[in-house]
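# A look at the structure
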Amino acid sequence: MSGKHYKGHEVSCCIKYFIFGFNIIFWLLGVAFLGIGLWAWSEKFSVFLGIIFFLELTAGVLAFVFKDWIKDQLNFFINNNIRAYRDDIDLQNLIDFTQEYWECCGAFGADDWNLNIYFNCTDSNPSREKCGVPFSCCTKDPAEDVINTQCGYDVRAKSSDEQRTYIHVKGCVPQFEKWLQDNLTVVAGIFIGIALLQIFGICLAQNLVSDIEAVQASW
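Residues numbered from 1 in each chain as written. Predicted model: local features only at pLDDT ≥ 70, side-chain atom pairs only at ≥ 80, totals over all residues. Heavy atoms only, no water.

## Side note on the confidence of the model for the protein chain
Confidence in the prediction of the protein chain, expressed as mean pLDDT, is 75, and 61% of residues score 70 or more. The least confident element of the protein chain, judged by mean pLDDT, is helix 2 (residues 31-41) at 51; the most confident is helix 6 (residues 160-166) at 92. In the model, residues 1-9 has pLDDT below 50 throughout and makes eight contacts with residues more than four positions away in sequence or in other chains. (pLDDT = per-residue confidence, 0-100. Helix = DSSP H or I, 4+ residues; strand = E, 2+ residues; numbered from the N terminus. Contact = heavy atoms within 4.5 Å.)

## Things to note about the packing of aromatic side chains
Tallying each qualifying case throughout the model produces eight aromatic pairs. Seen in terms of ring centroids, Tyr101 and Trp102 are 4.9 Å apart; in terms of plane orientation they differ by 85 degrees. Their pairing is edge-to-face. Connected via pairs of aromatic rings, a cluster forms that spans Phe97, Tyr101, Trp102, Phe176 and Trp179. (Phe/Tyr/Trp six-rings, centres within 6.5 Å; stacked < 30°, edge-to-face > 60°.)

## Brief notes about the state of the cysteines
Tallying each qualifying case throughout the model produces four disulfides. Put simply, Cys138 and Cys151 are joined by a disulfide, and their sulfur atoms are 2.1 Å apart. Looking along the S-S bond of the Cys138-Cys151 disulfide, the torsion reads about 105 degrees, which is the right-handed sense. Taken together, the residues span a long stretch of sequence, with Cys138 in the loop between helix 5 (89-102) and helix 6 and Cys151 in the loop between helix 5 and helix 6 at a distance of 13 residues. By relative accessible area, which is 23% here, Cys151 ends up partly exposed. Going through the protein chain in sequence order and numbering each bonded cysteine, the pairs you get are 1-8, 2-5, 3-4, 6-7. (Disulfide = S-S within 2.5 Å. Buried < 20%, exposed > 50% of the residue type's maximum accessible area, 1.4 Å probe, protein only.)

Take a look at the structure:
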């Protein structure tokens with residue numbers, strides 16, 4: 001019995017395997033991108049990437065338009081975490097990392113730590129950390145190998161000029177804004193690069209879909 005033979009448009013192997021490799025790159029960026037690959041298997045690759053690209057573009061526009069709202073939300077987030085600083089060790093580590101990395105203290109200044117029951121300056125506060133700040137607010141002495149976890153004790157009872165000697169007096173919100181401004185080119189370049197990769201992937205995926213449809217039509 002003779003088999004069925006036909007001549008028609010063939011799927012490009014290079015495009016097919018390049019799409020597969022492109023999908024693996026996204027998968028390596030996180031578990032979330034694995035979902036893209038699974039959806040790609042159900043022939044929705046280009047559609048889904050288009051949606052992702054549109055959402056990223058929308059997020060970028062909204063971030064620019066509502067930057068003041070975003071700053072307020074960041075302030076709200078930091079202050080809420082200051083209140084709960086001693087309640088959760090993971091949260092405590094997050095705040096300490098943020099303050100050390102940005103060389104800041106509180107949302108807009110060290111006095112934001114009055115929101116915490118252990119660090120506030122009220123007369124009724126029996127805590128040894130009263131009128132202090134966490135060690136992550138302290139300026140670092142390069143000669144010190146071991147962190148002095150008590151370096152922030154009583155520091156807010158000192159004058160503003162004296163505080164500058166011991167702790168970072170700038171808040172984390174303005175420090176984050178400054179970092180964004182200083183690294184705007186890098187941040188924009190990363191997002192543009194990701195967007196271009198996605199557009200390239202959309203074009204290749206659409207080409208692959210067209211090849212598959214052409215093969216199916218020739219049956």
